[in-house]
Every structure is written in structure tokens, then in C-alpha cells.
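# Structure assessment
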Amino acid sequence: MKLESNSRTILPVIPGITLPPKRRVSVAIVAFATLLAGCSQTGARSGDGQSAATPVIHPAFPEGWAAKRERPPTVADHGMVVTNSPLASEAGVEILKKGGNAVDAAVAVGFALEVTYPFAGNIGGGGFMVIRMANGQALAVDYRETAPLAATRDMYIENGKLTQKSTVGALASGVPGSVAGMAAALAKYGTMSLHDVMQPAIRLAADGFVVDSALSHSLSSSGRLIKQFAGAAVFFPNGEAPAPGTRLRQPQLAQTLTLIADQGPSAFYSGPIADAIVAQMQHDGGIITRADLAAYKPVMREPIVGKYRGYTLYAMPPSSSGGVTTIEILNQLETWKTLPPFNSAAYKHLLAETFQRAFIDRNTKLGDPAFVTNPLAMLTDKAYAKQLTSTITPDRATPSPVFSAAAEPMHTTHYSVVDGAGNAVSTTTTLNSGYGSGVFIAGGGFFMNDEMDDFAAQPGKPNQFGLVQGEINAIQPGKRMLSAMSPTIVLDRDGKLMMVVGAAGGPTIITGVTQVILNVIDQHMSLPDAMFAPRVHGQAWPDVLTYEAGGLSQAAMDSLTAMGHNLRATNALTNVNALLRGADGRWVGVYEPRSTGAAVGY
Ligand code: DON
């Protein structure tokens with residue numbers, strides 16, 4: 001099956017990592033039995049005190065791998081905030097130190113990221129938040145964008161072909177959910193007012209902050225997109241992105257945030273910010289109306305709960321596919337009492353096969369539960385996982401079936417927060433592509449998402465992430481587009497909070513989060529090791545196994561090729577931010593070694 005992407009580009013999670021020269025792939029069949037030799041016993045206890053924080057260079061990491069990405073973790077006694085932006089992490093800790101809980105801090109982080117990490121926004125976007133309070137109460141807040149009421153199934157198809165309009169320009173935007181979602185989470189489990197938790201973000205926007213090289217570079221690389229729209233005046237005032245060391249003030253955004261802080265979400269959905277959004281939509285040819293904004297509602301859902309080798313996962317149910325797919329992969333892997341050695345061809349083969357089976361279900365059986373039926377009980381059932389794994393051949397890749405659209409039914413950021421009482425929040429938000437659709441609300445000071453591309457804009461044809469999805473995720477007015485975002489909270493075998501994890505990276509979110517969890521639970525890695533360990537990704541269609549350049553030995557690559565896997569190298573996979581509790585009770589935080597960020601604790 002030939003796949004063409006309609007994308008402008010799939011965003012690299014981090015720029016600047018170059019691929020090695022193409023490796024010679026020779027055929028060397030390595031018997032599965034041989035690879036199984038030396039299997040480690042799976043399912044150990046959670047990271048114990050020292051080892052949770054200490055990088056121990058894993059013997060299975062290829063030579064030079066650790067040196068490339070290893071970063072020291074942050075260890076703290078009380079609380080921890082891990083995000084892709086150091087200033088946003090500090091905003092979260094500022095709220096914790098004022099006595100706020102993890103939900104207060106997470107909402108402060110969400111608004112701060114809008115200011116300091118415009119790449120992923122996110123008041124013009126949407127997201128998902130999984131909360132688990134220390135008393136055991138848990139909640140999944142779905143503030144995914146919705147298709148505008150005037151959206152139609154084939155709105156991005158012209159002459160039978162998908163256009164770029166689902167990724168660039170005003171037609172690409174879904175109705176933003178973040179402001180309503182964060183306010184609802186705060187009202188349910190926060191202890192501080194919206195006004196108070198928004199102060200760090202307002203200060204950062206009004207007083208400005210010093211641009212670092214990552215932001216300067218990110219803006220310059222997206223200059224062609226941003227300069228087409230009103231954001232040019234803010235981010236390219238003299239035609240150039242602010243140089244590192246420059247102070248960036250965003251007075252319009254400060255005013256927008258102040259309105260939300262003072263008046264609540266109604267300022268955004270039916271007040272002056274709604275007016276600014278609608279005016280910009282009319283100017284740029286979009287279809288979001290006042291009625292769309294007024295109708296937007298976040299949905300409070302029960303988290304999806306899964307078990308892996310005695311550990312408990314709280315994860316996001318649809319409209320994200322993240323939780324179901326992660327649990328479906330883990331359930332399959334649990335059918336092996338022992339797993340092949342880490343990073344061996346046999347291990348990567350098992351990952352590839354289980355990813356493939358779970359993604360086939362994801363892409364054809366999941367969608368917005370308000371519109372379609374999701375067979376959640378079946379997909380997360382251990383017996384079903386057994387049935388799936390019974391078709392895995394140890395030494396042969398299963399070719400992905402021809403996609404049937406009628407089958408039954410870059411940019412994002414994740415932050416992990418925990419407070420001293422043991423309340424935990426795992427949040428992933430997105431504009432979809434970097435700087436979203438490029439459309440900037442001039443009268444509001446923020447970028448709008450291009451989330452409409454997460455629908456199957458033309459069922460059976462790939463979106464910008466190469467995801468081939470079915471009718472079940474076709475565009476309908478008011479519907480939420482299926483997401484891969486996987487904010488997850490893991491409890492240890494005693495039911496104690498152990499890990500908060502999630503990621504950015506489109507469909508690689510699911511496989512990246514799963515691998516970090518596996519590395520901790522099965523491989524007993526410290527969190528730094530679990531994070532910088534080489535990753536692989538497969539999503540059934542295209543029928544390709546993507547690996548990180550330098551992350552697999554030549555022998556493993558040769559064996560995988562011989563098994564029939566179509567290997568493709570990439571610079572880096574997935575942008576994960578995680579924290580883990582050691583046996584000594586201290587929190588270990590690690591931000592993505594492939595990206596920017598900070599783990600700040602106290
Ligand atoms: O919801 C989703 O699955 C996508 N919109 C996520 C996009 C993403 O992670 C891009 N970032 N790197």
C-alpha cells in the first residue's frame with residue numbers, strides 16, 4: 001500500500017540530530033530461541049530509592065548512546081513539575097510553594113506554557129488531563145477541540161484529493177477547549193482561584209521573559225508559516241525572530257489572560273476574546289462562529305484503568321485513543337512471562353507486532369464517544385490480548401492488512417505534576433502542528449490549532465502523521481477528532497502513586513509512553529535511563545518500523561529486516577516528560593532528553 005502524506009511536515013521533536021550514513025543491511029537470521037537466551041524476569045518492583053534517580057548505563061544501549069542524551073534528573077522531597085519549558089515548570093512550583101495542590105499547579109503551568117512555549121500554546125488548542133488525588137479519586141478531563149458546526153465530511157477534499165487546508169490556515173482549527181477544560185479541572189479539584197493560578201502566566205506575558213536559543217530557533221524555523229498571519233507582528237517585529245537574550249513581551253496576550261483571570265472562561269467563549277476569535281476567523285477565511293464557542297463544553301470522564309503485571313494505570317479514554325491503545329499493547333506484552341533482552345531484535349519485534357495490532361484497532365474502532373460506539377471493554381480485555389498475540393510469529397513480521405476505510409467501527413506538550421500530599425496530574429495539550437494552523441488571533445495574542453487534521457479528513461488516506469484512519473473518525477459537526485494523547489498515572493503493586501508520564505509526538509505518543517513504562521517496570525531502569533533508552537515506533541499503516549538512528553545494533557537491524565520489518569531511521573521519537581517515586585519516597589523528575597524543558601522540584 002503506497003502512502004502519501006498530505007502534510008506540510010511531520011515536526012521533528014528536536015532539531016539538530018543528524019542521521020548517520022545509511023547502514024548496510026545484510027541478512028542475518030537470528031533464531032528467536034537464541035535471542036530469548038538471557039531473558040530477564042519481568043515485573044519487578046518500582047524504582048527503588050537510589051536507582052530511580054541514578055542513571056546506570058544499560059548494557060543494552062548501543063555504544064555512545066548514553067553520552068548523546070543523558071541528563072541528570074531532578075530529585076525533590078515535596079513536589080515536582082516536569083514540562084518542556086523551564087519557566088513554565090517554575091510557574092508550577094511557585095504555585096505549589098504557595099500551598100496550591102497539583103491541580104492548581106498544573107493549571108498555572110498550562111497558562112504559562114501559552115506564554116513561554118507558543119510552539120504548542122495552548123489557549124487556542126485543546127488537551128486531556130488525568131487527575132488522581134491522594135484519596136484515590138480519579139478524573140479524566142477531556143477538553144479536546146470540536147469540529148465547528150459548519151464543518152462537513154469532505155471539507156478538505158478538492159477534485160478527489162486532500163488539500164493542505166486541514167493543517168494550515170483558519171479552516172484547520174477546531175473549537176478550542178483548553179480554557180474551559182483547565183477552569184473545570186480547577187473548579188473540581190483545585191484549591192486556589194483561577195485568578196491566582198494565572199498570575200505567573202500574566203506576569204510572564206506582561207513583563208516579558210528572556211528568549212532562549214530554543215525558542216529563537218523554533219520561531220525562525222517556523223517563520224514561513226507564522227509570517228503568513230497576524231503573529232508576524234508579535235514574533236517577527238523587524239522581520240526576524242527575537243534573538244536569544246532578547247526580552248519578549250506579549251501585551252495583547254497579557255490582556256487576554258487578565259480577562260480570563262478576572263471574568264472566567266466566559267470571557268473566552270462569549271466575551272471579548274470570542275469576538276476577537278470570530279473576527280480573525282472571518283478575516284482569514286475560517287468557519288468558527290460565536291455559536292461554536294458558546295456551545296463548547298469540556299467533558300468529565302472516568303479514567304480508563306488497566307493493569308500491567310500488578311501495576312495500575314489510569315489513562316485517557318476516548319476521545320483520545322491514548323489510554324486504550326497503551327493498555328491494549330501492555331495487555332499483549334503481559335502474555336509473555338519473560339521478555340527477550342532489552343533492545344534485541346526479538347524484543348523490538350514483539351513491540352512492533354503488538355503496536356501494529358493495537359494501532360489497527362485504534363485506527364478503525366475508536367472515535368468520539370458522543371458520535372460512535374467504542375468497544376472499550378473488548379479492546380482492554382486480557383483474553384482479547386491473548387487472542388491477538390496468538391497470531392504473532394516469533395521470527396516473521398506480520399504484514400499490515402490492506403486498510404479498509406469502511407471497517408467497523410507537531411505541536412503538543414506534556415506536563416507531569418505531583419504535590420507533597422501525593423495528588424498527581426498528567427496533562428497533554430496540543431495545537432497539533434508547531435504553532436498550530438499558523439493563524440494568530442490578533443485581538444487575543446495567541447495561535448489557533450490545526451486539530452481538524454486529526455480527523456480522517458479522507459478516510460483511508462494518511463494525515464500529517466501518516467495515520468490512516470476509518471469512517472469512525474470522519475468529520476462531523478460538533479465531533480471531537482480522535483487523539484493519540486496519553487497522559488497516564490501509574491500506581492505500584494501496593495496501589496501507591498509511582499509515576500506520572502505522558503508525551504508529545506502524534507501517534508508516537510502511545511508507543512513512547514508505553515516504552516518508558518516498560519523500561520521502568522520490566523527493565524528496572526532508573527528514570528533517566530528509561531527516558532533516554534532508544535525507542536521504536538510502529539502504527540500499522542504505513543507498514544514500517546521506525547527506529548532512532550544509532551539506537552539499534554547492526555545485528556538487531558539485520559535480524560529485524562530478515563524477519564520482514566521495513567526499517568526506517570529517524571532522528572528522535574517522542575517527547576516524554578515524566579516523574580517517578582523512588583522507594584525512599586523522593587520524586588525523580590526527568591524532562592525529555594531529546595527536547596527542551598526542566599524538571600523543577602522543591
Ligand atoms: O491529538 C493528537 O494525537 C495530535 N494532535 C498530537 C500532535 C502532536 O503530538 C504533535 N507534536 N509533536
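Keep in mind the model is a prediction, meaning the values are calculated, not measured.

## Some words on the overall build of the protein
- When you go through the protein residue by residue, the secondary structure sums to 22 helices and 25 strands.
- With 602 residues in all, the protein has 64% of them scored as buried.

## A word on the packing of aromatic side chains
- For the structure shown, the criterion picks out 13 aromatic pairs.
- Here Tyr-435 and Phe-447 contribute two aromatic rings whose centre-to-centre distance is 5.2 Å and whose plane-to-plane angle is 65 degrees, an arrangement assigned as edge-to-face. Here Tyr-435 is found in the loop between strand E15 (424–430) and strand E16 (440–441), whereas its partner Phe-447 is found in strand E17 (residues 446–447), with twelve residues between them in sequence.
- Residue Phe-447 is classed as buried on the basis of its relative accessible area of 2%.
- Between Lys-188 and the ring centre of Tyr-189, over which it is positioned, the NZ or CZ distance is 5.6 Å.
- The ring of Phe-342 carries the charged tip of Lys-348 above its face, separated from the ring centre by 5.1 Å.

## Here's the deal with the confidence of the model for the protein
- Model confidence for the protein is summarised by a mean pLDDT of 90, while 89% of its residues fall at 70 or above.
- In this model, residues 1–50 is a region of pLDDT below 50 whose contacts with residues beyond four sequence positions or in other chains number 126 contacts.

## A short note on the site of the ligand
- Every one of the 16 residues lining the ligand counts as a neighbour, but Thr-412, Glu-451, Asp-454, Ser-483 and Gly-506 are closest to it.
- Between a nitrogen atom of the ligand and a side-chain N or O atom of Asn-432, the distance comes to 2.8 Å.
- Between Gly-505 and the ligand, the recorded distance is 2.8 Å, taken from a backbone N or O atom to an oxygen atom.
- Protein chains bury 99% of the 340 Å² of accessible surface belonging to the ligand in isolation.
- Among the residues making up the shell around the ligand, the classes are represented as six nonpolar, seven polar and three charged.

## Quick notes on the pairing of strand E21 (residues 545–548)
- What you see with E21 is no split at all: Leu-545 and Tyr-547 on one side and Thr-546 and Glu-548 on the other are buried throughout.
- One ladder, built from two bridges, connects strand E20 (residues 536–537) with E21; its direction is antiparallel. Across the sheet, Val-536 pairs through a bridge with Tyr-547, a residue of E21.
- Sheet analysis places E21 next to strand E22 (residues 567–570), joined by four bridges and oriented parallel. Bridge assignment links Leu-545 to a residue of E22, and that residue is Leu-567.

## Digging into the sheet that holds strand E4 (residues 126–132)
- Across the sheet, seven strands lie side by side as E10-E5-E4-E15-E14-E3-E25; this open sheet has antiparallel pairing. Where the open sheet ends on each side, the last strands, each with one partner, are strand E10 (299–301) and strand E25 (598–601). Neighbour-to-neighbour, the strand axes of this sheet turn through a mean angle of 10 degrees, independent of strand direction.
- Helix H4 (residues 86–97) contacts strand E3 (80–83), strand E14 (412–418) and E25 of the sheet and is inclined by roughly 160 degrees relative to E3.
- Packing of helix H5 (residues 102–116) onto the sheet brings it into contact with E3, E4, E14 and E15, and relative to E14 it is tilted by some 155 degrees.

## Side note on the pattern of salt bridges
- Throughout the structure, instances matching the rule amount to 20 salt bridges.
- Where Arg-144 meets Glu-451, a salt bridge forms, and the shortest distance between an N and an O atom there is 3.3 Å. Per residue, the accessibility class of Arg-144 equals that of Glu-451, and both read buried.
- Two residues, Arg-153 and Glu-471, come together in a salt bridge whose shortest N-O distance is 2.4 Å.
- Given a relative accessible area of 33%, Arg-153 falls into the partly exposed group.
- We classify Glu-471 as partly exposed; its relative accessible area is 35%.
- In this structure, a network of salt bridges that share partners links the residues Arg-144, Glu-145, Glu-451 and Asp-454.

## Thoughts on the sheet that holds strand E18 (residues 488–491)
- Ordered in space as E2-E24-E23-E19-E18-E12-E11, the seven strands form an open sheet in which the pairing is antiparallel. Each edge of the open sheet is held by one strand with a lone partner, namely strand E2 (74–76) and strand E11 (304–308). Geometrically, the sheet is characterised by an average inter-axis angle of 20 degrees between neighbouring strands, direction not taken into account.
- Pairing analysis gives three bridges linking strand E12 (residues 311–315) to E18, with the strands arranged antiparallel. Paired with Leu-313 across the two strands is Val-490, which belongs to E18.
- Contacting E11 and E12, helix H16 (residues 322–334) runs over the sheet at an angle of about 20 degrees to E11.

Rules of the game
Residues numbered from 1 in each chain as written. Predicted model: local features only at pLDDT ≥ 70, side-chain atom pairs only at ≥ 80, totals over all residues. Heavy atoms only, no water. Helix = DSSP H or I, 4+ residues; strand = E, 2+ residues; numbered from the N terminus. Buried < 20%, exposed > 50% of the residue type's maximum accessible area, 1.4 Å probe, protein only. Phe/Tyr/Trp six-rings, centres within 6.5 Å; stacked < 30°, edge-to-face > 60°. Lys NZ or Arg CZ within 6 Å of the ring centre and 35° of its normal. pLDDT = per-residue confidence, 0-100. Contact = heavy atoms within 4.5 Å. Near = heavy atom within 4 Å. Polar contact = N/O pair within 3.5 Å; in protein donor to acceptor, adjacent residues only side chain to side chain. Areas by Shrake-Rupley, 256 points an atom, 1.4 Å probe, with all protein chains shown as cover. Nonpolar A, V, L, I, M, F, W, Y, C, P; charged D, E, K, R; others polar. Pairing = 2+ DSSP bridges. Axes fitted to C-alpha atoms, helices over the stretch in contact; angles between N-to-C directions. Salt bridge = Lys/Arg side-chain N within 4 Å of Asp/Glu carboxyl O.

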